[in-house]
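Examining the three-dimensional arrangement
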Amino acid sequence: MRPLRLLAAVTGSPRLLAAAPRTGTAPVHVPPDSLSGAGGTAPAPDRPSSRTRLRAWAELLRVSALFTVPGDALAGAAATGRRPGRGTALAVGASLCLYEAGMALNDWADREEDAVDRPHRPIPSGRVAPGAALAAAGALTAAGLALAARAGRPALAVASGLAATVWAYDLRLKHTRLGPAAMASARALDLLLGATATAGAASAAPGPAGTHAAPGPAGTHAAPGPAGAHPPSAALPAALALGAHTYAVTAVSRHEVQGGSTAAPLAALAGVAGLGAAALRGRPAHGEPSPAPATGTLLLPAFVTAYLRTAAVPLLHAVLNPSPPLTRRAVGGGIRAMIPLQATLAARAGSPLVGLAAMGLVPLARALSRKVSPT
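Residues numbered from 1 in each chain as written. Predicted model: local features only at pLDDT ≥ 70, side-chain atom pairs only at ≥ 80, totals over all residues. Heavy atoms only, no water.

**A few points about the overall build of the chain**
Scanning the chain from terminus to terminus reveals 16 helices and 0 strands. Counting every position in the chain, which comprises 375 residues, the buried fraction comes to 43%. Nonlocal contacts in the chain, meaning residues at least 24 apart in sequence, comprise 74% of its contacts between residues at least 6 apart. (Helix = DSSP H or I, 4+ residues; strand = E, 2+ residues; numbered from the N terminus. Buried < 20%, exposed > 50% of the residue type's maximum accessible area, 1.4 Å probe, protein only. Contact = heavy atoms within 4.5 Å.)

Next up, the structure:
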């Protein structure tokens, strides 16, 4: 081999190889990008696509469960004997923000536990940064309180109690005996928020002559509306019913990872059956208005049937086989069953058409739950 070609072979220089005289063998070409040092750069890692990031946040926030939230405000408005209005819409917006704040905060607080039991969740899998989840929880809480404030001071007071309960549950009470009670209190407060915001906005609305409602006892304003209008406290029985259902579902959810509990789904099944039977009683509880004679008589049994079918059937399966998959299915059914329960409470309060509007969210919740789990 000639000296120039020998030097090219030793140094691996493509320029020397190209300059070397041919000896019947084709020169070896070494691409510059494959050389070590400054000759090339390593390919940059692929960044997640926008669709992947969006799905991760949808899983973190459990968006399929969002459709169970507006019915709280609708049932609360119905309990006051008023039609849903501006205050109800503000309550729905505040409830959605506070609910999603709780979802983000829940996964942030459980990130170490989820790394062992649910490594596929957005935070332990690395698809959502812990700091981003905590920031989202704070921003959503602030947005929810801001919306509630626009419905009046009483609504802001209820929303503040709701926000405090959500943060206390996620950060402290979740793994204690008070966990189910805290979650039940949050859901009951959400319904009371709808009642308070609806009544508060109606009180602030100008009357037919452009003046506000005349002052009532103790300096309060008597809210204009139908003759059968009630104060927000009339929504307490409905709030307690929704809270009881939430307590039962939360108690079952504490076993959805390991399974093995028959007592929790059995107790929840008894509670669901009791709520269904109470809703079909001939006379409403004290303080509840009677349902509309014609439409209410037809729709109320249909709503109760939908509630029992959605909640009781998967609970029965979990009782017979308390495996983790069936327990999770029972929890998901209990979450979705809140919609027909809200419709039942609205119909029982004399607003069956409001209940029918809430039931319109069922197909959306069912379709989205096939893509994003509500648990």
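**Details of the packing of helix H4 (residues 70-79) against helix H5 (residues 86-109)**
The interhelical angle for the contact between H4 and H5, taken along N-to-C directions, is 145°, at an axis separation of 8 Å. Our pair here, H4 against H5, has a crossing hand that is right-handed. Contact residues: Pro70, Ala73, Leu74 and Ala77 in H4; Thr88, Ala91, Val92 and Leu96 in H5. Looking at the contact of H4 with H5 residue by residue, the class counts come to 7 nonpolar, 1 polar and no charged. (Axes fitted to C-alpha atoms, helices over the stretch in contact; angles between N-to-C directions. Left-handed = near helix turned anticlockwise from the far one by under 90°. Nonpolar A, V, L, I, M, F, W, Y, C, P; charged D, E, K, R; others polar.)

**Topic: the pattern of salt bridges**
Inspection of the entire model under this criterion finds 8 salt bridges. A salt bridge links Glu59 to Arg127, with the nearest nitrogen and oxygen atoms 2.9 Å apart. Placement of the pair is Glu59 in helix H3 (residues 50-61) and Arg127 in the loop between helix H6 (111-117) and helix H7 (130-149), with a sequence separation of 68 residues. Classification of Arg127 as partly exposed rests on a relative accessible area of 32%. In this structure, Asp110 and Lys174 form a salt bridge, with 2.8 Å as the shortest nitrogen-oxygen distance. Of this pair, Asp110 sits in the loop between H5 and H6 while Lys174 sits in the loop between helix H8 (153-173) and helix H9 (179-204), and the two are 64 residues apart along the sequence. Assigned by exposure class, Asp110 and Lys174 land together as buried. Among the ionic contacts, a cluster of salt bridges with common partners joins Arg55, Glu59 and Arg127. (Salt bridge = Lys/Arg side-chain N within 4 Å of Asp/Glu carboxyl O.)

**Observations regarding the nonpolar core**
Core analysis: the biggest nonpolar cluster contains 51 residues, and Leu191, Leu193, Tyr307, Leu315 and Leu345 have the highest contact counts within it. Counting 13 residues, the second-largest nonpolar core is a separate cluster that includes Val304, Ala306, Ala347 and Ala365. (Core = buried A, V, L, I, M, F, W, Y, C linked by side-chain atoms within 4.5 Å.)

**Notes on unusual backbone geometry**
Even without being a glycine, Arg62 presents a positive backbone phi close to 50°. Given the relative accessible area of 9%, Arg62 is considered buried.

**Notes on H5**
Residues spaced three or four apart along an α-helix point in a common direction, a consequence of the helix completing one turn every 3.6 residues. Taking 1.5 Å per residue, 24 residues should reach 34 Å; H5 reaches 35 Å between its end C-alpha atoms and fits that length. For H5, the tally of buried residues reaches 19 of 24 residues, placing the bulk of the element in the interior. (Expected span 1.5 Å × (residues − 1).)

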